[in-house]
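# Geometric and topological summary
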Amino acid sequence: METETTTAPVETEKQAKPQWLRVKLPTGKKYTELRSLVDKYQLNTICTSGSCPNMGECWGHGTATFMILGNICTRSCGFCGVKTGRPETIDWEEPEKVARSIKLMNISHAVITSVDRDDLKDMGSIIWAETVKAIRRMSPKTTLETLIPDFQGVERNLNRILAVAPEVISHNMETVRRLTREVRIQAQYDRSLRVLRYLKENGAHRTKSGIMLGLGEEEEEVIETLYDLKEAKVDVVTIGQYLQPSKKHLPVRKYVTPDQFQKYKEIGDTLGFRHFESSALVRSSYKAYKHVE
């Protein structure tokens, strides 16, 4: 699953949420307009279902995130709030439904993500491509970021995404090498790096990845991951604080301080990424409208 946890953490006496993670309720004319449309037409956005802390800011810039291929994932990542199990059958009308939602909301930059569909021969890549095509037809001026699964590294599936040429293709590492098996379970650190490199070397205009902090990683491991992403020719990197969706999920081991996020920001800028976002409330889609520049 390639979304990121956005709901509030489960707090304990020892691990109370620090002040820098407290956010104001979203406001503004653009946000209010979009919220009324989402409620009226029951549009499915990750922004609302995931209670994203940046929803007001993103919607104010005409950016929203949509999830395709259902809401049940075939993988059981320890950080993710999406249900795991046997997914429903494919809705072949979904590309048109998502495209209509984007047109109705007058979205200028859309982020598309999905659950993992390891149950499908094409792992959902055909629906992915058809969704991009439908959005292009209905909203040709809307720029797109596709936050994709690893598709198990199968090149023909990755090629379907490359063929429809979204402005940004994302795939999240989520965590450092040592913690990957615990955090992502069915994923592989090196396979994700290979996916990112393959995308860039085979025509992706811009590639992007993100990691969460607070799961028990050490500073040197985060820095190693940044170097690995640079080696894989990734253009954009986002780093944010992991927040625990429920007691059943991995606990927050540490709340990373703003100073530490700033240190990673300075390292990322030194490495020369085109865009590098690093702060506690950053999520994959944070300032996504800027990442096409």
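For the structure, check the block above.
Here's a quick rundown of the structure. (Residues numbered from 1 in each chain as written. Predicted model: local features only at pLDDT ≥ 70, side-chain atom pairs only at ≥ 80, totals over all residues. Heavy atoms only, no water.)

This part takes up the overall build of the protein chain. Per the secondary structure count, the protein chain includes 10 helices and nine strands. Expressed as a percentage of its 293 residues, the buried residues of the protein chain come to 56%. Here the contacts in the protein chain between residues at least 6 apart in sequence split such that 76% fall between residues at least 24 apart. (Helix = DSSP H or I, 4+ residues; strand = E, 2+ residues; numbered from the N terminus. Buried < 20%, exposed > 50% of the residue type's maximum accessible area, 1.4 Å probe, protein only. Contact = heavy atoms within 4.5 Å.)

What follows is about the sheet that holds strand β7 (residues 207-213). Taken in spatial order, the seven strands line up as β1-β4-β5-β6-β7-β8-β9 in an open sheet, and their pairing is parallel. The sheet terminates laterally at β1 (63-68) and β9 (275-278), the two strands that pair on one side only. Going from strand to strand, the sheet's axes swing by 20° on average, the running direction of each strand aside. Relative to β9, strand β8 (residues 236-241) is paired through four bridges, and the arrangement is parallel. Directly across from Val236, in β9, lies its bridge partner His275. Taken strand by strand, helix α8 (residues 189-201) contacts β6 (168-170) and β7, and its axis lies near 160° from that of β7. In the packing of helix α9 (residues 219-231) onto the sheet, the strands contacted are β7, β8 and β9, and the crossing angle to β7 comes to about 175°. (Pairing = 2+ DSSP bridges. Axes fitted to C-alpha atoms, helices over the stretch in contact; angles between N-to-C directions.)

One pass over the full model with this rule turns up one aromatic pair. Here Lys230 stacks its cationic end above the ring of Phe273, 5.4 Å away from the centre of that ring. (Phe/Tyr/Trp six-rings, centres within 6.5 Å; stacked < 30°, edge-to-face > 60°. Lys NZ or Arg CZ within 6 Å of the ring centre and 35° of its normal.)

Take helix α10 (residues 258-271) next. Here α10 contains 14 residues, and its C-alpha end-to-end distance of 20 Å stays within 8% of the 20 Å for a straight helix at 1.5 Å per residue. Those residues of α10 that sit buried are Phe261, Tyr264, Ile267, Gly268 and Leu271. What you see down the axis of α10 is that its buried residues fit within an arc of 120°, all on one side. Relative to its buried face, α10 has exposed residues pointing more than 90 degrees away, namely Asp259 and Thr270. At the C-terminal side of α10, Gly272 shows a positive phi close to 90°. (Expected span 1.5 Å × (residues − 1). Arc of directions from axis to C-beta.)

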